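# Understanding the architecture of this molecule
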Amino acid sequence: MEGATGTIAKTQKYIMNTYARLPIAIARGSGVYVWDEEGKRYLDFVSGIAVNALGHCHPAVVEAITRQANQLMHTSNLYYTGPQARVAELLIEGSPFDRVFFCNSGAEANEAAIKLARKYGKEVLGPGHYEIITAWNSFHGRTLAAITATGQPKYQKGFEPLPAGFKYVPLNDVEALRSSVNDSTCALMFEPIQGESGVKPMTGEFLKEARRICDETGALLILDEVQTGLGRTGKMFAFQHYGVEPDIISLAKALGGGLPMGAMLAKEHVASHFEPGSHASTFGGNPVAAAAACAVIKTIVDDGLIDNARDVGGYFMSGLSRLGDKYATITEVRGMGLMVGLGLSWGAKEIAGKCLELGLLVNPIGDTTIRFLPPLIVTRREVDEALAILDKAMDSCGMAAKGCA
Ligand SMILES: *Cc1c(COP(=O)(O)O)cnc(C)c1O
């Protein structure tokens, strides 16, 4: 067995330097906990960035993967396979959509949505309709089209020329949204809650206006539910909080239970513009990933994890608000269900570093937000444990208690 230094040193030597990783090597996980190679335990409130929704190594997922791996691992999409058909049925019957395209990541799911929207735009609205309007500070993934859809210049810099046909509006600015739509618009694309840029929910007013504009102009409403989907926010899909139905959604993260899997779902009148040859993925809907996804969706539904996300998420947010009564540094608690952001006046990295030392994984975003994405199986007791560590971390970072600042 190699120690952490082995893993870290090899990674730093052989793997392209694209990640600013924390200095631990994780060796195993179970439920809401992971252990590093030195055997130290951490309470995981990041969940592999909202991927491990059932916690680590959930028996239903392990069993599904093991059984499928012994039977058939891959055939390509030249043939039909059972697990892909079964997960498609689960997704479609549990949603207002009619058809799904399977791929392997969130970026690919958005790439598929962008291609479908452009093809629909040209075929239905006219050849000049190719432009997609997205939000500043959005995040849609790292392929060239996805970084262009992403309204953050820092992810685009150095990779120009970017694909044409994207423009941005400030999130929740209804006026800007209205005036950005024109004769070349084919779609509007938003995250219901901006995740990567710091847990920023979209207002109902903005989403309703987006829907109204699409109904009026024929443009498509695409929601990127890669992070918010599959129960994370206390509903199966975040758009269900708003009473607004999109034409297309993208999913990934939690879908494969830790295996790479993405999906793009659409209503029939949109989906019908994809035909044989329009789009493809060698691995998309791979039998093992699809079997895992079936187990994930069934467990989320059968074990009441969506209600748990709502209940325990609310409990967690009130606990964070109580910490806010104690520490002047806390400016805001935002989010829905178990997608939670803690707004700070400073010190997100310091607090996260201290939490790591004390055995809690959290995700700092810039200097003023900590993002929490605990698994949907998390209990109030584990939330109490996290809150106690957070309290201790903030205290030892020398954060001013209110009244003594
Ligand atoms: C993570 C994420 C993506 C990108 O997913 P990848 O699997 O990393 O390609 C896209 N959109 C949103 C909202 C995300 O949170």
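Everything below is about the structure printed above this text.
In this text the structure is predicted, and so the values were computed from the model without any measurement.

Moving on to the site of the ligand. Taken together, Ser105, Gly106, Ala107, Asn110, Phe139, His140, Gly141, Glu191, Asp224, Val226, Gln227 and Lys253 make up the full set of residues adjacent to the ligand. Note that an oxygen atom of the ligand is positioned 2.8 Å from one of the backbone N or O atoms of Ala107. In this structure, Lys253 approaches the ligand through a side-chain N or O atom, which is 2.6 Å from an oxygen atom. About the coverage of the ligand: the protein hides 80% of its 380 Å² of free accessible area.

Bringing the nonpolar core into the picture now. Formed by 95 residues in total, the largest nonpolar core has its most connected members in Phe45, Leu91, Phe190, Ile351 and Phe372. Considering each element in turn, this core owes the most residues, nine residues, to helix H11 (residues 287–302). Counting residues in each nonpolar core, the second largest holds 24 residues, with Ala145, Phe166, Cys186 and Ile222 among its members.

It is at 8 Å that the axes of helix H4 (residues 82–93) and H11 come closest, and there the two elements cross at 30°. Relative to H11, the element H4 lies roughly parallel. Crossing of H4 against H11: the hand is left-handed. Here H4 contributes Pro83, Gln84, Arg86, Val87, Leu90 and Leu91 to the contact with H11, which in turn contributes Pro287, Ala290, Ala291, Ala293, Cys294, Ile297 and Lys298.

Looking now at the packing of aromatic side chains. Here the structure, examined in full by the defined rule, presents nine aromatic pairs. Judged by centre distance (5.5 Å) and plane angle (85°), the ring pair of Phe45 and Phe316 falls under edge-to-face. Placement of Phe45 in the loop between strand S3 (41–44) and helix H2 (47–50) and of Phe316 in helix H12 (residues 305–326) is noted, with a sequence separation of 271 residues between them. For the residue pair Phe45 and Phe316, the accessibility class agrees, reading buried in each case. Residues Phe97 and Phe239 carry aromatic rings whose centres are separated by 5.9 Å and whose planes lie at 85° to one another, so their mutual orientation is edge-to-face. Taken together, the residues span a long stretch of sequence, with Phe97 in the loop between H4 and strand S4 (99–103) and Phe239 in the loop between strand S10 (220–224) and strand S11 (248–251) at a distance of 142 residues. Grouped by ring-pair contacts, the aromatic residues Phe45, Phe316 and Phe372 constitute a single cluster. The aromatic ring of Trp35 is capped on one face by Arg28, whose charged end is 4.1 Å from the ring centroid. Between Arg41 and the ring centre of Tyr33, over which it is positioned, the NZ or CZ distance is 3.8 Å.

Moving on, we come to the pattern of salt bridges. Taken as a whole and assessed by the stated rule, the structure comprises 18 salt bridges. Note that Arg211 is salt-bridged to Asp215, the shortest N-O span being 3.0 Å. Of this pair, Arg211 and Asp215 both sit in helix H9 (residues 204–217), four residues apart, roughly one helical turn. Overall, the relative accessible area of 15% leaves Arg211 in the buried class. By relative accessible area, Asp215 is classed as exposed at 54%. Two residues, Glu216 and Arg212, come together in a salt bridge whose shortest N-O distance is 2.3 Å. Here the residue Glu216 and the residue Arg212 both occupy positions in helix H9, the gap between them amounting to four residues, near one helical turn.

Calculation notes
- Residues numbered from 1 in each chain as written.
- Predicted model: local features only at pLDDT ≥ 70, side-chain atom pairs only at ≥ 80, totals over all residues.
- Heavy atoms only, no water.
- Near = heavy atom within 4 Å.
- Polar contact = N/O pair within 3.5 Å; in protein donor to acceptor, adjacent residues only side chain to side chain.
- Areas by Shrake-Rupley, 256 points an atom, 1.4 Å probe, with all protein chains shown as cover.
- Core = buried A, V, L, I, M, F, W, Y, C linked by side-chain atoms within 4.5 Å.
- Buried < 20%, exposed > 50% of the residue type's maximum accessible area, 1.4 Å probe, protein only.
- Helix = DSSP H or I, 4+ residues; strand = E, 2+ residues; numbered from the N terminus.
- Axes fitted to C-alpha atoms, helices over the stretch in contact; angles between N-to-C directions.
- Parallel < 35°, antiparallel > 145°, perpendicular 65-115°, else oblique.
- Left-handed = near helix turned anticlockwise from the far one by under 90°.
- Contact = heavy atoms within 4.5 Å.
- Phe/Tyr/Trp six-rings, centres within 6.5 Å; stacked < 30°, edge-to-face > 60°.
- Lys NZ or Arg CZ within 6 Å of the ring centre and 35° of its normal.
- Salt bridge = Lys/Arg side-chain N within 4 Å of Asp/Glu carboxyl O.

Bear in mind that shape data such as this cannot, by itself, settle questions of function.
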